[in-house]
Amino acid sequence: MIAKRSDEISSFIVMDVLEKAHDMERNGIDVIHLEVGEPDFDTPACVTEAAVKALKDGHTHYTHSLGMIELREAVCEHYHATYGVSVSPEQVVVTSGTSPAMLLVVSALLDPGDEIIISDPGYACYGNFIRYVQGRPVTVPVYEADGFQYRTEAIREKITPRTKGIFINSPSNPTGNLLSGEKMAEIADLPHFILSDEIYHGLVYEGQARSILEYTDRAFVFNGFSKLYAMTGYRLGYVIAPREFIRPMQKFQQNFFISANAMAQKAGIAALRHAGPDVAKMRDTCNQRRIHMISRLKEMGFGITIAPTGAFYVFANAAHIHPNSYQLAFDILENAHVGVTPGVDFGDNGEGYLRFSYANSLENIEEGMKRIAAYLDRKNHS
């Protein structure tokens, strides 16, 4: 009696790891969490103060279904100041997190059987959004030797008459790598919509993240406040879209979600306009953690051909330790008491890798590295 679509949606394995870790913690075991991609920082004070003020001022009602105009204007100001692109507030839909924005876009873009190209490895949920609306995710392998960047010719080989779009994510989850400006320009020249997940923009330590809007206006840009501003619990995101898609997405929003949280929207305005100094401090701290984690993982023999320079992930080759990343991740959890994410969670081409998140304190990261080193030493001498 259960709908067939539920069988077509895979579990998010990182959450399986996290939930197993929570079970262990309830039994008194100390677990170091390097699996989840959630900043450990407190939300900047200016954001919290704006949220509290919003509640006191009575912002507890529905807003415009597209989002508060002041927030949409702030998004446009941010994209103009950061990337030099002009976006109208009428092109912005504010959502309850970035994930609902993805659901709105695929709902408006895809008919049953239509295809969207995604990278393998890539964010685990992209394919599930596409499947949910009876679309078809088409995977293109990306490789460690290329810094997990798309090869444009590999994309072309997968294009069919049903191809509606190409998903890009830079900086990437799970790899932490950036697409170069040259590669983005090549992809933007393809005659399809580009779906660009820019949620990790601002968390870049070397090089520069480029917005797809610098190269084409045939694009849907996903962004939000969870990662850069440490606002995961606020559930606030947005999509910038071609004008002809706004009304269709607005109708889906009105029916499915009504509007994003009013208090959270007020907090988002403060984040965009006042949290810059806080973001700079968090970014510097993340970079210190990144450098330390990469160094320690290399010392232990994990493969990192091109160091990640964005987000807060290291996607390390562990195939020489165990070919089954799922088994390895849970073995590390149970025997080293460190949560890591198996690479297969992000696609078949992620098999043999582990994703390590450095969204944790330097002290916890170092303790996690020590535990994994001891685990590997025991494994090598068993």
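Above: the structure in question.
Residues numbered from 1 in each chain as written. Predicted model: local features only at pLDDT ≥ 70, side-chain atom pairs only at ≥ 80, totals over all residues. Heavy atoms only, no water.

Enquirer: Any chance you could explain the sheet that holds strand β11 (residues 341-342) here in plain terms?
Expert: Overall, antiparallel pairing links the three strands, which are arranged β9-β12-β11 in an open sheet. One side of each edge strand has no neighbouring strand; the edge strands of this open sheet are β9 (313-317) and β11. Contacts from helix α12 (residues 325-336) reach β11 and β12 (353-357) within the one sheet, and its direction differs from that of β12 by about 45°. (Pairing = 2+ DSSP bridges. Helix = DSSP H or I, 4+ residues; strand = E, 2+ residues; numbered from the N terminus. Contact = heavy atoms within 4.5 Å. Axes fitted to C-alpha atoms, helices over the stretch in contact; angles between N-to-C directions.)

Enquirer: Before we go on, may I ask you to explain the pairing of strand β2 (residues 92-95) in this structure?
Expert: Each regular strand carries side chains that alternate between the two faces of the sheet. Neither face of β2 is exposed, since V92 and V94 on one face and V93 and T95 on the opposite face are all buried. Of the pairings in the sheet, the one linking β2 to strand β8 (residues 237-240) comprises four bridges and is antiparallel in character. Paired with V94 across the two strands is Y238, which belongs to β8. (Buried < 20%, exposed > 50% of the residue type's maximum accessible area, 1.4 Å probe, protein only.)

Enquirer: Could you clarify how one ought to interpret the nonpolar core in this entry?
Expert: Across soluble globular proteins, nonpolar side chains have a tendency to be buried as a group. F302, F356 and I372 are the most contacted members of the largest nonpolar core, which has 92 residues in total. Core analysis: the next-biggest nonpolar cluster, separate from the first, contains 28 residues, A101, V105, V106 and Y123 among them. (Core = buried A, V, L, I, M, F, W, Y, C linked by side-chain atoms within 4.5 Å.)

Enquirer: Sorry, what's going on with the sheet that holds β8 here?
Expert: Sheet strands associate in pairs through backbone hydrogen bonding, adopting either a parallel or an antiparallel arrangement. On the basis of which strands lie adjacent, the open sheet formed by seven strands has the order β2-β8-β7-β6-β5-β3-β4 and mixed pairing. Edge positions in the sheet fall to β2 and β4 (136-141), since each has one partner strand and no second. Recorded for the sheet is a direction-independent mean angle of 25° between the axes of neighbouring strands. Where helix α5 (residues 98-109) meets the sheet, its contacts fall on β2, β3 (115-120), β5 (163-169), β6 (193-197), β7 (219-224) and β8, and the angle it forms with β7 comes to roughly 165°.

Enquirer: I tried to follow the pattern of salt bridges on my own but got confused; where do I start?
Expert: Side-chain pairs of opposite charge can arise whenever the charged atoms involved come near each other. Per the counting criterion, the structure on display carries 17 salt bridges. The partner of K53 in a salt bridge is D57, with the nearest N and O atoms 2.6 Å apart. Relative accessible area serves as the criterion here: at 51%, K53 is assigned to the exposed category. For D57, a relative accessible area of 45% gives the class partly exposed. In this structure, the salt-bridge partner of D114 is R162, at a minimum N-O distance of 2.9 Å. (Salt bridge = Lys/Arg side-chain N within 4 Å of Asp/Glu carboxyl O.)

Enquirer: Help me understand the packing of helix α4 (residues 69-83) against helix α10 (residues 262-274) in this model?
Expert: When two helices pack together, their arrangement is given by the angle between the helix axes and the distance between those axes. As a packed pair, α4 and α10 sit with axes 9 Å apart at the nearest point and diverge in direction by 25°. The angle between α4 and α10 places the two elements in the roughly parallel class. Like other packed secondary-structure pairs, α4 and α10 cross with a definite hand, here left-handed. Residues E70, L71, E73, A74, V75, E77 and H78 of α4 pack against Q265, K266, G268, I269, L272 and R273 of α10. Taken together, the residues of the contact of α4 with α10 sort by class into five nonpolar, three polar and five charged. (Parallel < 35°, antiparallel > 145°, perpendicular 65-115°, else oblique. Left-handed = near helix turned anticlockwise from the far one by under 90°. Nonpolar A, V, L, I, M, F, W, Y, C, P; charged D, E, K, R; others polar.)

Enquirer: Could you clarify how one ought to interpret unusual backbone geometry in this entry?
Expert: Residues apart from glycine generally show negative phi values, whereas peptide bonds are mostly found in trans. Residues S170 and P171 are joined by a peptide bond in cis, for which omega reads -5°. By the secondary structure assignment, P171 is in the loop between β5 and α8 (181-188). A cis amide bond, omega 25°, links N173 with the succeeding residue P174. Of note, P174 is situated in the loop between β5 and α8. One non-glycine residue, F148, adopts positive backbone phi at about 60°. On the secondary structure map, F148 appears in the loop between β4 and α7 (152-158). A residue is classified by how much of its surface remains accessible, and F148, at 13% relative accessible area, is buried. Non-glycine residue I258 carries a positive phi angle of around 65°.

Enquirer: What am I meant to see in the layout of surface pockets here?
Expert: The probe, sized like a water molecule, is rolled over the atoms to show the empty space still left. Taken as a whole, the largest pocket holds about 520 Å³ of empty space. Every residue lining the largest pocket is counted, 23 residues in all, and those nearest its centre are F12, G37, Y123, Y200 and K227. Elements with a minimum of two residues in the lining of the largest pocket: α2 (13-26) and α5. When grouped by side-chain class, the residues that make up the lining of the largest pocket number eleven nonpolar, seven polar and five charged. (1 Å grid on protein atoms, 1.4 Å probe; cavity = no way out; pocket = protein on both sides within 12 Å on 5 of 7 lines; lining within 4 Å. Points joined across faces, edges and corners; volume = space filled by probe spheres on them.)

Enquirer: Which parts of the structure should I look at to understand α12?
Expert: Three or four residues apart is the spacing at which side chains of an α-helix point the same way, because the helix has 3.6 residues per turn. Helix length check: α12, at twelve residues, gives a terminal C-alpha distance of 15 Å against a target of 16 Å (1.5 Å per residue), a fit within 8%. Within the sequence span of α12, burial applies to S325, L328, A329, F330, I332, L333 and A336. Its buried side turned inward, α12 meets α2, β10 (338-339), β11, β12 and α13 (362-380). Between the side-chain oxygen of the N-cap and the backbone nitrogen of Y326 there are 3.1 Å, and the N-cap of α12 in question is N324. A positive backbone phi angle near 60° is found at H337, which sits one or two residues after α12. (Expected span 1.5 Å × (residues − 1). Polar contact = N/O pair within 3.5 Å; in protein donor to acceptor, adjacent residues only side chain to side chain.)

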